[in-house]
Structures are given as C-alpha cells and as structure tokens.
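# Commentary on secondary and tertiary structure
One-letter residues, chain by chain:
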Amino acid sequence: MWRDIISLSPVNWRLWLVLAIALRLAFAALHLPLHDAAERYAPWGVIYTPDSEQYLSMAENLLSGAGYTDGAGRVGSPAARMPGYAAPYLLLRLALKPLAAAQALVLLQVLLSGMAVWALADMARRMAGTRAFWITYVSLSALGVVAVWDVAMLTESLAMSALALGLWCLAVDSERRGLLIIGGLLFAWAYFLRPILAV
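Report follows, based on the coordinates. (Residues numbered from 1 in each chain as written. Predicted model: local features only at pLDDT ≥ 70, side-chain atom pairs only at ≥ 80, totals over all residues. Heavy atoms only, no water.)

## Focus: the overall build of the protein
Counted only if it meets this: Here a helix means four or more residues in a row that DSSP labels H or I, a strand means two or more in a row labelled E, and each is numbered from the N terminus. When checking whether two residues touch, look at their non-hydrogen atoms; a contact exists if any pair is within 4.5 Å. Under the convention used here, a 1.4 Å probe and the Shrake-Rupley method define accessible areas, while residue burial counts only the protein chains that appear.
Per the secondary structure count, the protein includes nine helices and zero strands. Sequence-ordered secondary structure for the protein, helices as α and strands as β, is α-α-α-α-α-α-α-α-α. Taking all contacts inside the protein whose residues are at least 6 apart in sequence as the whole, residues at least 24 apart take part in 64%. With the model as given, the accessible surface of the protein reaches about 10800 Å², and the carbon-plus-sulfur share is 69%.

## Details of a nonpolar patch on the surface
So the rule is basically this: Surface patches are defined over residues having more than 30% relative accessible area and no salt bridge, joining like charges when they lie within 9 Å and nonpolar side chains (Val, Leu, Ile, Met, Phe, Trp, Tyr) when within 5 Å. What makes a salt bridge here is a side-chain nitrogen of Lys or Arg within 4 Å of a carboxyl oxygen of Asp or Glu, nothing more. Only protein chains enter the accessibility calculation, which uses a 1.4 Å probe; a residue is then buried when its area is under 20% of its type maximum, exposed when over 50%, and partly exposed in between.
A cluster of nonpolar side chains, contributed by Leu63, Leu91 and Leu94, occupies part of the molecular surface with about 330 Å² of accessible area. As for its placement among the helices and strands, Leu94 is situated in the loop between helix 4 (86-93) and helix 5 (98-128). Using a relative accessible area of 65% as the deciding quantity, one classes Leu94 as exposed.

## Remarks on the environment of Arg24
Among the secondary structure elements, Arg24 is positioned in helix 2 (residues 13-31). Each C-alpha atom, one on Arg24 and one on Val146, is 8.9 Å from the other, the two residues being 122 residues apart in sequence. Among all residues touching Arg24, those that are not within four sequence positions of it are Ser113, Gly114, Val117, Leu140, Ser141, Leu143, Val146, Ala147 and Asp150.

## Observations regarding the side chain of Gln109
Short version of the rule: In the analysis that follows, any N or O atom pair within 3.5 Å is treated as a polar contact, provided that within protein one partner can donate a hydrogen and the other can accept it, and provided that, for residues neighboring in sequence, both atoms belong to side chains.
Following the sequence through the fold, Gln109 ends up in helix 5. Separated by 2.9 Å, the side chain of Gln109 and the backbone oxygen of Ala152 make a polar contact. Other than its neighbours up to four places away in sequence, Gln109 contacts Tyr85, Trp149, Asp150, Val151, Ala152, Leu154, Ser157 and Leu158.

Read these as layout, nothing more, since geometry by itself doesn't imply function.
Below is the structure:
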C-alpha cells in the first residue's frame, strides 16, 4: 500500500495532486508580496479587491433578503455580477461567518487549482507521454505569477480550474456518461464565473 502512495509514477494521482496543491500554496505565498495587488490584501492573507467586494456584497444582500442586487438594489446594473462566484460563497455562508466563508472559498480555489494542474498534466501524459506530463506538471505547479490568483477573491482561479477539469472529464473517457455530465456542469459553472469565456 505505501509503495503505491509514494510511487513517483505519473499515474500516482494522489501524490501529484497533494504536491500540486502544496506547490500552488507555496508559490502564491512567495509571490503575494511581489504582486501589484499585494497592498490590497486582507490581514488574513488573501487578495481582496473592489471586485471581490461586489461579488460578496451581492451574496450578502441575498442572504439578508434584499435579493441578488448591488448596494443600490439594482439587479441589472453594470455592477451586477453573474452568480458563479457567489454560489459557493453562499453555500459556505450558510454554515460559516463571512470571514470564515471567504477563507474557505479561497481554500476551495487552491484545492481546485491543484486538481487542475494535475488534470492538465494527466491529459498531456495521455496525449504525448510521460515527458509531457513532467513538463506540464512542473511548469504549471511552479508558475507563481499565476498561483497568486488562487488566493485572490476573484473569478479567475475558479474559472480556469473549472475549464481545465471540464476538459479532463471529456478527455479521459468520452464513453462514461457521468464524466460527460460533470464536464458539462463544470463548463456551465465556468461560464457563470466569467461569461467572456463563451466568446
């Protein structure tokens, strides 16, 4: 059993998934102070921007009974956001206080990002062999400039993770109906996170 867990084979998904998540966290932490948004991060360690405020305030308005609106109560205003980012936050908010829900959402972003790194590397292995796995895995795991968005309360990280995982679901086995449905749901979620992806 332990031999399977610590095997360095690219098909040992457990090891590479855990390592990808750890590397994404480490590189995000290293690049956070260097990033141009570093001065806008909350004391609890995530980048928090005016866009973040819009996503969360619309969700908080919905929880308070005011509807999914911006601060002025306008649903169709330019400030209105698609509910793709608010949906997981709302689910977390049902059980947690606002700060804990925001932190849990960022943790979810990091976990999905690590899964996306492994999924893209696995697709590279399936298409081009073991060497392609290593090149893809190392390059995506080590991109701190990209990993910093995993700790930002913005849609970029979740949208890219949803796209990568959706592609993996389609690439692994197009005969498995369950994976096709999951892939489709991930693509739909990516659209609700960043509608520009439909272009």
